[in-house]
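This is what each chain is made of:
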Amino acid sequence: MTPSSPPPTSRTGRRLAVVAGLVALTVGLSGFFMGLRQTDHAAHDTRLARVSASRPTTAPRRRAYPEAPRYADLHDGRLRPNRDWTVSLATLARPDPAAQYVPAVLTAGDLARLRTTRIGRRQYDGAPPVAPHPTDQLSSAACLECHGTPTVVAGRAVPQISHPRYTNCIQCHVSSVGPASWWQARSTALSEGNSFAGSPPSGPGPRAYLGAPPTIPHTTWMRDNCMSCHGPGGTAALRTSHPNRQSCVQCHAPNATLDSHFASGLPPPLPVADWKTNAPAAIR
Amino acid sequence: MPPPVTTPEPVVISLVLRLREEDALRTTTLATLRAQVGLELGAIRDSWIPLVAETPDPRELHRWLESLPGLASVDVAFVEVVPQLDTPRYATE
Amino acid sequence: MSMDRRDFLRTTAMAAATAVIAQRLGAVENTTAPHPGATTTPDGITWDKAPCRFCGTGCHVRVGVKDGRVVAIQGEQLAEVNKGLLCVKGYHVGGILYGQDRLTTPMLRRNGVLEPITWEEAIDVVAQRVLKDPKGFAFYGSGQWTIPEGYAAQKFMKGGLANNHIEPNARLCMASAVTGYLSVYGVDEPAGCYDDLDAADVVILWGNNPAEMHPVLFSRIIDRRLKGQKVTLIDMGTRRTRTTEHADEYLEFRPNSDLAIANGIAHLLLQNNNWDRDFVAKYCNFRGDNAPLDLLGKAISFEDYRAALEPYTPEYVEKISGIPAAKIRMLAELFGRRDVRITSLWCMGMNQHNRGTAINRLVHSIHLLSGHFGRPGDAPTSLTGQPSACGTAREVGTMCNFLPGGRLVANAEHRKDSEDIWKVPGGRINPKSGYHTVQLFEKFCTPTEKGGDIHTIIVQVTNPGQSLPNLHKLFLAKKGLADKFLIVSEVYPTATTAIADLVLPAALWVEKNGIYGNSERRTQQWFKQVEPPGQARPDAWMTIAVAHRLFELGHPGMKDRDGNFLFAMKDAAGREVPVWDYAHYGDINVDRALYDEYRLFSFYKHKNLAPYDVLAQSRGLRWPVVQTADGAWQETKFRFTEGADPFVAKGKGIQFYHSVTKDDKALIWFCPYEPATEEPNPDFPTWLCTGRVLEHWHTGTMTMRVPQLRNAMPNAYVEMNPEDAAAAGLGNGDLAVVESRRGKIELPVWVNGRARPPRGTVFVPFFDERLMINEVTLGEPCPISKEPDYKKCAVKVYRKGGEPILPVPPSPHG
């Protein structure tokens, strides 16, 4: 403060006022925009909680070209992978454990549909099912990612492996959509038909009396994991009413004849000779 | 409280009998078995006979069969108590 | 209420007692029944056993039949080979019987069109073609022939017509394995068995792809890892396959350089001084090639052997093969260890090889030199591709120079043996070898006036029109030749029936009785379970019927030394049964009659076969099967090893009792590396390899008619390296031309698919009859085994309408 200059109260005051105004304006504007963002975030959070695995709440408008999103919309979760985007293994859904206790309401159509699907995938009951999707041609390494534990992919239940794990899945399970279907190079339909009619899936298992546990109406070879068809990953038509009980064969008896454990019939194989001790394997 | 009155419950048993090889014995044994009241004989294959009986004292029956000279063996296949559902177990309910 | 319960209990009681009796009686009855009998399950399906119709693994299946049709298949849980597991082909084998275009009537081609005729006429046509000139008549059979079928043809030709022009298609797949075994051990077929796979620590694959070709055996190896066992898998190949995905080591080598690799390993074993001196001193001699090359070569000294291996240093082998020297050293170190058990497996990579006999000998030799032989898990084992290449083609000897049971037409003693068993007059059998397969078809496709002295071939159970190499020269050239006659017994229209003059409908698999022999010396029997369609009949009947027609027409060859019909058969009561009359063919078990006679041949080379009834009760038995003192039948798992092989004398340890040098010793061979017969050059710069795929078996005539298998693999393709494809302007699905000096075809390209060929190579499968790669293949045979090479020839691959712009792959030969 110098004694020579007059007190510039009005000019400083005005400048101060302008600066204060600018500051206020800036603060206000940033506050406004930040507020916008925050509102967006908050809304985004609550929306995410609802969206999870369900479809977008608004139906997309149909256009010839995909609509470009606004920058503000980039975070709102409405952008989804397009149809050909590979589902990330990390986001595979598991079936809701609570849902398996809800009794399935079945129509006659459900069972018929199940039979048709099963028959369509297997040459006969007990055959290894063909995969209705293209498979990796080189290796089985990825199969168990989806088929190892109960999984839901794109809203569909993925059948779980029903037999003990073997290493070479693609030795028995081939794809029903082979390589040429990708190239459309040749027609894949059989030009000559085949009249093979395989044995169909069995119906419900016979019971000793009303209320008794049904006996197993099919072979148990390669069907060690009952829950793969009858558990939460299976279709509603086959689902068990009591998934909490884990020891199935304690009550549900297998059928020895179906399982080829014949009491009479083909004799058992030779006991294997121990070549070191020279004890022979004998047939009489 | 009066003590429970227990009536002996009949038991359904089935036995697998094997006849000895001697022909003379077979004929008389079969005749004896058929004559005995309360024994039901099933289809006889080779020397094997299935037999069903209903008796309150199965051990008595078993001993009697084993005493027959014409039977080589008596094996038990099935034993079950017949529940007497329409007769109260206790004299008073 | 209580009355009902009481009745229920009494009924249950009676049922229980009756069941106990039934079980006791059943157990007693069963052991005396010769036919175990099929069993019916509650759903009305009758199950009976059979070996699978497809590959040489020989899995056992249960066939479910209902209302006269096959409706289901199960893997046989009680079979040692596969223990209930099958591959996709095996699971769908029931469908092969039911393609809609199944052949059901005999047909004769008149004016270019096949017209239906009766069986009587058809059999007469065949007989007339034989009579036209019996010396120019040839029989082309198969490793899918059942043993009785092959035996009937063998007896008909060699014991009847005195004609040695009988060859199996197994000449095209196993002949080099045969000559390999013969020149090393003096007798054919693996000494080990599949149990080696359960015991091996290291499994080395020499150019084969078992994940696709022998899937059940491959699973048997790799599933051991799931049980916590350690198995080291070394995949030596010319391209990455599905097998490589499970391998610990992948060693990629240049085609034909497997000879150098084997020699490189032997070289290092000597240099590192860790070859098994003890084993070699006791059990081996050394051998080298004669000039010209022959089967048994000449004795050489150990010093000769060592000197011959001198040039095969790891660096030299690296230069030839492309496998790093360090990896050659690794292999040699493995072989040098006695604490690991090593099984070598191979199939067509080593057999369909222009030096097939040599490479077979060399791999056996490495195992012998290092002592990796004779213990479970230590085995050099050649796998077969066909269900009975061993059982029929090799053991029955249906080749131009063999007689049954390991005998040779050139050997007077063997001829006499055979004449005695067949009861034909002495001197009947022709001592001169017939034409081998490639020669046979060459002659057939050559005009008569130019020396084509084969005028008629009857083909049973195989498809040479698709499986012969160099098809234009060896098969299609027949088309213009009016005096050549092709008779084909088949189940479906194929590339062979397309130019056949007479087509005979045949019964397939469980439509007839049969016996097969798989890769581990296991002979397995099955009974007929369904009727063949229409007028289809078993091949054995066709051969017997033709023989009888000739007998009626007075051909002396159809009489044995007593003047009786060569195939006279009697029933249990001693009455003759006219089995050539199809109405009576089922009166006796013709299979058993033929087999029991054939069995007599099997003892000479200690390949003792079990009697038919014993086979019928088992799921296959590995020969030699001998009867022990208490009457039981014992099979042999490990041949030549004391304790396991009943013919090895006590105290001998290992005894090669059919030794070439007659001193109980096997032979360690030296054979040099040679480049392939047709190497790439600037005109044809790419290696072509051919082979199979998992879903289809061989020429696909059966599997392409099963929807599940066809949809999984609908057509052939050319597998290319992605860089080569890019350089040629080709992408997935584009049509490429694959052209060789012999022919060309167009195929869709497949990049980054099921296998990964290296730069400068392509692979084409041969199952597709619309895209027959054998029009392009070379077919130069191994000079000793006469087996053609399907795995290497030179082609150019270019975009249809374009020109090849691929560089020549680098060659070690400059």
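Note that the structure is a prediction, hence the values are computed from the model and not measured.

K.L.:
What's the story with the overall build of chain B in this structure? I'm lost.
P.N.:
Across its full length, chain B carries two helices and four strands. Taking all 93 residues of chain B together, the buried fraction comes to 33%. If you take every contact in chain B between residues at least 6 apart in sequence, the share linking residues at least 24 apart comes to 72%. Split by element, the accessible area of chain B, about 5900 Å² in all, is 54% carbon and sulfur.

K.L.:
Help me understand the confidence of the model for chain A, please; the structure alone is not making it clear to me.
P.N.:
All names here are of chain A. Per-residue confidence for chain A averages 71 on the pLDDT scale, and 61% of its residues sit at or above 70. Per-element mean pLDDT across chain A ranges from 57 in helix 4 (residues 179–183) up to 87 in helix 3 (residues 143–147). In this model, residues 40–60 is a region of pLDDT below 50 whose contacts with residues beyond four sequence positions or in other chains number nine contacts. Considering only residues more than four positions removed or in separate chains, one finds that residues 268–284, a stretch of pLDDT under 50, has 43 contacts.

K.L.:
Just to check I follow, could you spell out the nonpolar core for this structure?
P.N.:
Side chains of nonpolar character tend, in soluble globular proteins, to be buried together. Residues and elements named next belong to chain C. Val 70, Phe 156, Leu 502 and Trp 509 are the most contacted members of the largest nonpolar core, which has 114 residues in total. A total of eight residues in this core trace back to one element, the largest contributor, which is helix 21 (residues 539–552). Ignoring sequence-local partners within four residues, the contact set of Trp 509 consists of Ala 50, Pro 51, Cys 52, Arg 53, Val 61, Val 63, Ile 73, Val 93 and Trp 526. Listed in part, the 65 residues of the second largest apolar core include Trp 275, Leu 309, Ile 342 and Leu 667.

K.L.:
Could you clarify how one ought to interpret helix 15 (residues 356–369) of chain C in this entry?
P.N.:
Think of an α-helix as 3.6 residues a turn; residues three or four steps apart then line up on the same face. Residue and element names in this part refer to chain C. The end-to-end C-alpha distance of helix 15 is 20 Å, a good match for the 20 Å that 14 residues give at a rise of 1.5 Å each. Of all 14 residues in helix 15, 14 are buried; the element is thus mostly enclosed. Just past helix 15, the residue Gly 371 takes up positive phi, approximately 75 degrees.

K.L.:
Got a minute to help me understand the sheet that holds strand 4 (residues 69–75) of chain C in this structure?
P.N.:
Hydrogen bonds between backbone groups are what pair the strands of a sheet, and the pairing can be parallel or antiparallel. All names here are of chain C. Across the sheet, four strands lie side by side as 1-2-3-4; this open sheet has antiparallel pairing. Each edge of the sheet is formed by a strand with only one pairing partner; in this case those strands are strand 1 (39–40) and strand 4. Summarising the sheet, strand 3 (residues 60–66) and strand 4 pair through six bridges and their orientation is antiparallel. In the strand pairing of strand 4, Arg 62 is matched with Gln 74.

K.L.:
I tried to follow the interface of chain C and chain B on my own but got confused; where do I start?
P.N.:
By convention, interface size is frequently given as the accessible area that disappears when the constituent parts associate. The partner chain B presents 23 residues to the 18 residues of chain C that form the contact. In total, about 1800 Å² of surface goes out of reach between chain C and chain B, with carbon and sulfur atoms giving 70% of it. Taken together, the connections running from chain C to chain B amount to two salt bridges. With its nearest N and O atoms 3.3 Å apart, the salt bridge here joins Glu54(B) to Arg10(C). The interface formed by chain C and chain B contains three residue pairs in polar contact (both at pLDDT 80 or more). Classifying every residue of the side of chain C that touches chain B gives ten nonpolar, three polar and five charged.

K.L.:
Quick question: what am I supposed to make of the pairing of strand 31 (residues 735–739) of chain C here?
P.N.:
Regular strands have side chains that alternate between both faces of the sheet. Residues and elements named next belong to chain C. For strand 31, a buried count of four out of five residues is recorded, marking the element as mostly surrounded by other parts of the structure. Direction of pairing for strand 31 relative to strand 32 (residues 744–751): antiparallel, over a ladder of five bridges. Its bridge partner lying in strand 32, Glu 739 is registered against Lys 744. Adjacent in sequence and paired antiparallel, strand 31 and strand 32 are bridged by four residues.

K.L.:
Can you help me understand the environment of Pro672(C) in this one?
P.N.:
Along the chain, Pro672(C) turns up in the loop between strand 28 (666–670) and strand 29 (686–691). Residue contacts for Pro672(C): discarding those within four places in its chain leaves Leu259(C), Asn263(C), Asp289(C) and Tyr312(C).

K.L.:
What am I meant to see in the sheet that holds strand 12 (residues 284–288) of chain C here?
P.N.:
Residues and elements named next belong to chain C. The sheet built from three strands is open, its strands ordered 13-12-28 with mixed pairing. In the strand order of this sheet, the two ends are held by strand 13 (298–299) and strand 28, each with one partner. When strand 12 meets strand 28, the two strands line up parallel, connected through five bridges. When the bridges of strand 28 are listed, Cys 284 appears paired with Ala 666.

K.L.:
Sorry, what's going on with the side chain of Thr636(C) here?
P.N.:
Relative to the assigned elements, Thr636(C) resides in the loop between strand 27 (633–634) and strand 28. Exposure remark for Thr636(C): the relative accessible area of 0% places this residue in the buried category.

K.L.:
What am I meant to see in the pairing of strand 22 (residues 522–526) of chain C here?
P.N.:
All names here are of chain C. Most of strand 22 sits out of view: five of its five residues are buried. The side-chain alternation of strand 22 yields two buried faces, one formed by Arg 522, Gln 524 and Trp 526 and the other by Thr 523 and Gln 525. As paired strands, strand 21 (residues 514–517) and strand 22 are joined by four bridges and run antiparallel to one another. For Tyr 516, the partnering residue across the bridge sits in strand 22 and is Gln 524. What sits between strand 21 and strand 22 in their antiparallel hairpin is a turn of four residues, with Arg 521 showing a positive phi close to 65 degrees. Note that strand 22 and strand 25 (residues 621–622) share two bridges and pair antiparallel. Directly across from Thr 523, in strand 25, lies its bridge partner Leu 621.

Parameters at a glance
- The numbers attached to residues start from 1 for each chain and follow its sequence in the written order.
- To label them, take the chains in the order written and letter them from A, then take the ligands in the order written and number them from 1.
- Under the rules for a predicted model, residues below a pLDDT of 70 receive no local features and side-chain atom pairs below 80 are neither given nor counted, while totals for whole chains, interfaces and linings still include all residues.
- Here the side-chain values reflect all heavy atoms present in the structure, with hydrogen atoms and water set aside.
- Here a strand is any run of E in DSSP of at least two residues, a helix any run of H or I of at least four, and the numbering for each starts at the N terminus.
- Burial here depends on accessible area, computed with a 1.4 Å probe over protein chains only, as a share of the maximum for the residue type. Under 20% is buried, over 50% is exposed, and the range in between is partly exposed.
- Two residues qualify as a contact provided that any one of their heavy atoms is within 4.5 Å of a heavy atom in the partner residue.
- Surface exposure here means Shrake-Rupley accessible area, sampled with a 1.4 Å probe, where a residue is shielded only by the protein chains that are shown.
- The predictor's confidence in any single residue is recorded as pLDDT, a number from 0 to 100.
- By nonpolar core we mean a set of buried residues, namely Ala, Val, Leu, Ile, Met, Phe, Trp, Tyr and Cys, connected to one another through side-chain atoms within 4.5 Å.
- Here, expected helix span is obtained from the residue count minus one, scaled by 1.5 Å.
- Should DSSP find at least two bridges between two strands, the strands are regarded as paired.
- When two parts are put together, the accessible area they lose, computed with a 1.4 Å probe and summed over both, is reported as buried area.
- When a carboxyl oxygen of Asp or Glu lies within 4 Å of a side-chain nitrogen of Lys or Arg, that pair is called a salt bridge.
- Identification of polar contacts relies on pairs of N or O atoms within 3.5 Å, with a donor-acceptor requirement for protein atoms, meaning one able to donate a hydrogen and the other able to accept it, and with residues adjacent in sequence counted only if both atoms are side-chain atoms.
- In this count, Pro and Cys sit with the nonpolar residues alongside Ala, Val, Leu, Ile, Met, Phe, Trp and Tyr, while Asp, Glu, Lys and Arg are called charged and the others, Gly among them, polar.

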